[in-house]
Amino acid sequence: MNLRSIHTLWIAAVLVVLPFLFEDFTVFQINLMLVYAIAVLGLNVLTGYGGQISLGHGAFYAIGAYTAAVLMEHAQMSAYMTLPIAGLISLVAGILVGFPALRLAGHYLALATFALAMAIPQLLKYDSFEHYTGGVQGLVLMKPEVPFEFELFGQELNDDRWLYYFILLVGTFIFWVCSNLMKGRIGRAIMAIREQPIAAGALGINLAAVKTMTFGLSAAITGIAGALGAVTVAYVAPDSFLAFLSISILVGAVVGGLGTIWGALFGAAFIQFIPNVADEISKSAPWAVYGAILIALIYVAPGGVMGLLRKLKKGDTA
Amino acid sequence: MKIKFALASVAVGAALALSSTAALAAKNAPGVTDTEIKIGNHMPYSGPASAYGAIGQAFTAYFKYVNDNGGVNGRKINFISLDDGYSPPKTVEQVRKMVEQEKVALIFGGLGTPTNSAVHKYLNSKKVPMLFVQTGATKWGDPKGHPWTMGWQPNYQAEGKIYASHILETNPNAKIGVLYQNDDYGKDYLKGLEDGLGAKKSMIVAAASYETSDPSIDNQMVALKAAGANTFFNVTTPKFAAQAIKKAAEMGWKPTHYLNSVSSSAGSVMIPAGAENCIGCITSAYLMDPTDPQWESNKGFQEYKAWLAKYMPDANIKNNLYVTGYAHAITMMQVLKQAGNDLSRANIMKQAANLDMEVGVLMPGIKVKTSPTDFYPVENKQLARWTGKSWELFGPIYGPK
């Protein structure tokens with residue numbers, strides 16, 4: 001057995017035992033962090049690898065969340081089954097947004113997607129859908145039931161811990177797919193377009209198709225995260241998906257390191273836990289503290305956490 | 001023999017009584033010690049509804065006042081108030097943190113309809129009291145379905161019913177036109193009016209709705225006038241309320257105008273709409289308006305002012321949110337006082353459902369009253385008429401009690 005697979009085994013063992021080392025509430029927080037990690041990864045595919053800035057990924061997260069919620073509430077579908085459908089609907093939404101966005105570059109794309117983020121809470125309140133979406137009141141969901149009883153370290157396998165394994169499984173799969181995709185031909189095409197669109201076109205890459213598909217893939221991943229988020233919180237409402245969510249996802253992508261796969265985990269940890277830290281430090285201006293931490297981090301690690309780690313590994317102090 | 005038996009039964013009775021109190025005391029809620037009661041709360045200190053954060057500041061200040069005066073039955077209040085930014089997922093996280101990590105005895109005075117909806121089921125399934133939530137939706141008073149949740153303020157349906165009673169009393173042949181916002185809030189009011197009118201529901205000759213995204217409600221106003229309405233029930237938020245008042249004046253339409261209390265603010269509605277445009281308009285109120293000079297001589301209000309001056313010296317006395325916070329906190333303290341030394345969650349809830357009290361800043365004659373089947377603490381209101389300068393209270397106290 002080589003060193004690498006021993007490492008992998010160790011990490012796997014820790015991940016399996018992890019939820020039993022913490023109390024319920026912390027497991028819930030870890031679940032949310034994993035969900036955000038998937039959402040951040042989705043945006044990273046588009047922004048980090050594809051070079052297209054989106055300030056509207058909260059909208060795809062919301063679409064995924066509502067797809068899961070509506071299917072569970074009105075079609076009595078199990079939470080697990082809603083994920084592929086949420087992914088598919090977000091994929092279509094992403095392509096629909098991505099196609100016209102082809103003509104918009106850089107800042108203009110950022111603004112166009114931001115409009116989407118602003119619009120989504122109001123659309124979710126829209127009257128004609130109210131029967132399905134629950135309007136302003138939103139929908140209260142049932143968490144999936146734990147299929148068997150189990151106990152470890154005196155902690156029972158409750159719905160939070162069960163959900164942890166489910167999210168971990170889905171997350172691992174998505175990270176694995178993205179990692180392979182980005183290392184391969186498609187990933188190279190996506191990055192070539194980011195670096196030199198004209199050269200990429202000259203090499204025979206279909207710019208429109210690749211860009212649109214990148215948008216769709218990115219939206220689908222974030223949509224799946226949204227569906228998982230809805231199940232974790234067990235509640236959806238339009239006010240859960242305000243424009244700030246989109247900005248948080250972008251913050252996560254930048255903090256973790258744009259154009260990296262595993263950076264999403266660090267970025268998610270940042271957007272999940274730093275607001276709480278800031279709230280502990282100052283009750284009157286928590287977001288000012290958050291801003292200060294963010295600026296400090298970007299100053300110390302301009303390439304995000306992954307950039308910093310890479311630097312440390314190389315022993316490069318420049 | 002007889003005496004012996006009597007003595008024995010007394011002894012057994014006493015022993016039973018002792019053991020039962022001991023058993024009860026052992027079941028105190030988490031967060032309760034001999035010296036402290038831990039109470040949790042979620043508030044939008046940041047985000048779109050951060051103005052309401054003032055209520056949370058008032059809570060904190062009031063509990064400080066309670067602690068400075070010896071606490072409740074010898075226990076100090078340890079008040080934990082966390083920011084949820086008016087975002088439901090954050091509310092879930094913060095409330096779970098307070099219940100599972102901080103181990104609070106109960107959640108008190110959380111603000112907002114979507115935020116409270118997000119933890120409604122969770123708190124009820126964990127049997128944690130969710131007391132005096134701050135939202136006017138009707139669903140918070142459901143002792144059967146959600147026995148661990150209770151609202152506080154008069155709900156929108158109750159207010160709609162009050163206007164219906166007044167219309168039936170003063171103008172039984174009125175033709176009512178309703179303008180309402182097309183969401184839960186607007187529909188709750190409309191339902192209250194319809195329920196209040198009962199068999200005479202047909203008095204409503206027209207009901208027009210608008211969306212919050214509509215630029216103006218001029219068309220709806222024209223339609224209501226054209227339908228021949230001589231009584232106007234205005235269920236709108238401040239911006240639209242001001243537009244409706246202006247439009248009615250422009251059209252020369254002079255119905256008896258009932259304005260929902262959501263938009264009765266002198267500063268943000270009545271004066272911008274043209275103070276003289278709505279003379280005679282009717283609204284309803286239950287808390288003392290801190291800008292109204294008539295309360296200056298009221299004992300309850302003077303106590304409030306003294307408390308505010310001492311515990312929130314920088315606060316703007318005109319902000320009625322401090323009045324709201326003060327009134328909620330007083331109610332909370334009464335529940336804990338009544339619970340005495342049995343601070344189990346069940347008893348806290350039982351006491352909350354057994355209130356009959358006056359609160360200094362509630363208008364005279366309006367009480368906080370609950371029962372095991374009535375989870376709506378404040379349901380009464382008094383009507384007020386706009387004089388062109390301020391609201392003048394008139395008539396009896398309306399409502400069920």
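Here the structure is a predicted model, which is why all the values come from computation and not from measurement. (Residues numbered from 1 in each chain as written. Chains lettered and ligands numbered in written order. Predicted model: local features only at pLDDT ≥ 70, side-chain atom pairs only at ≥ 80, totals over all residues. Heavy atoms only, no water.)

Digging into a nonpolar patch on the surface
Taken together, A:Ile6, A:Trp10 and A:Val14 make up a surface patch of nonpolar side chains, about 310 Å² in accessible area. Counting through the fold element by element, A:Trp10 comes out in helix α1 (residues 3–17). (Patch = residues over 30% accessible without salt bridge, like charges linked within 9 Å, V, L, I, M, F, W, Y side chains within 5 Å. Areas by Shrake-Rupley, 256 points an atom, 1.4 Å probe, with all protein chains shown as cover. Salt bridge = Lys/Arg side-chain N within 4 Å of Asp/Glu carboxyl O. Helix = DSSP H or I, 4+ residues; strand = E, 2+ residues; numbered from the N terminus.)

Points about the domain arrangement of chain B
All names here are of chain B. Here the domain parsing of chain B yields domain 1 (8–154 + 292–380) and domain 2 (156–285). Each of domain 1 and domain 2 has a C-alpha centre, and these two points are 33 Å apart. The interface of domain 1 with domain 2 comprises seven residues on the first partner and five residues on the second. Each partner contributes to the roughly 510 Å² buried at the junction of domain 1 and domain 2, and carbon and sulfur atoms together form 52% of this total. The interface formed by domain 1 and domain 2 contains zero salt bridges. Our count for the contact surface shared by domain 1 and domain 2 stands at two residue pairs in polar contact (both at pLDDT 80 or more). (Domains from an automatic or database assignment. Contact = heavy atoms within 4.5 Å. Buried area = accessible area lost by both parts, 1.4 Å probe. Polar contact = N/O pair within 3.5 Å; in protein donor to acceptor, adjacent residues only side chain to side chain.)

Quick look at the side chain of B:Asn298
Residue and element names in this part refer to chain B. Following the sequence through the fold, Asn298 ends up in the loop between β9 (282–285) and α10 (299–311). Polar contacts involving the side chain of Asn298 include one to the main-chain amide nitrogen of Gly300, which spans 2.8 Å. A distance of 3.1 Å separates a polar side-chain atom of Asn298 from the backbone nitrogen of Phe301. Not counting chain neighbours up to four residues away, the residues in contact with Asn298 comprise Met288, Gly360 and Pro364.

Concerning the sheet that holds strand β2 (residues 76–83) of chain B
All names here are of chain B. What the four strands build is an open sheet, ordered β2-β1-β3-β4; its pairing is parallel. Edge positions in the open sheet fall to β2 and β4 (130–131), since each of these has one partner strand only. Note that strand β1 (residues 36–43) and β2 share eight bridges and pair parallel. In the sheet register, Gly40 faces β2, and the bridge partner there is Ile80. Packing of helix α2 (residues 53–68) onto the sheet brings it into contact with β1, β2 and β3 (106–108), and relative to β2 it is tilted by some 165°. (Pairing = 2+ DSSP bridges. Axes fitted to C-alpha atoms, helices over the stretch in contact; angles between N-to-C directions.)

Some points on the pattern of salt bridges
Evaluated as defined, the whole model comprises twelve salt bridges over all chains. Residues B:Lys191 and B:Asp195 are paired through a salt bridge, measuring 3.0 Å at the closest nitrogen-oxygen approach. Here B:Lys191 pairs with B:Asp195, and both are found in helix α6 (residues 184–197), just four residues apart, close to one helical turn. Judged by relative accessible area, which is 39%, B:Lys191 ranks as partly exposed. Look at B:Asp195 and you get partly exposed, because its relative accessible area is 38%. Look at the salt bridges and you will find they share partners, linking A:Asp160, B:Arg96 and B:Glu100 into a network. (Buried < 20%, exposed > 50% of the residue type's maximum accessible area, 1.4 Å probe, protein only.)

Brief notes about unusual backbone geometry
Residues and elements named next belong to chain B. Although it is not a glycine, Lys103 adopts a positive phi angle of roughly 55°. The residue Lys103 is located in the loop between α3 (88–101) and β3 in this model. Its identity is not glycine, yet Phe132 carries a phi of approximately 55°, on the positive side.

A short note on the interface of chain A and chain B
At the junction of the two partners, chain A supplies 30 residues and chain B supplies 28 residues. Between chain A and chain B, a total of about 2,400 Å² is buried, with carbon and sulfur atoms accounting for 49% of that surface. Of all residues in chain A, the largest losses of buried area upon contact with chain B belong to A:Phe25, A:Gln137 and A:Tyr235, amounting jointly to 25% of the total for that side. Across the chain A-chain B interface, the total number found is one salt bridge. A salt bridge links A:Asp160 to B:Arg96; the shortest N-O distance between them is 2.4 Å.

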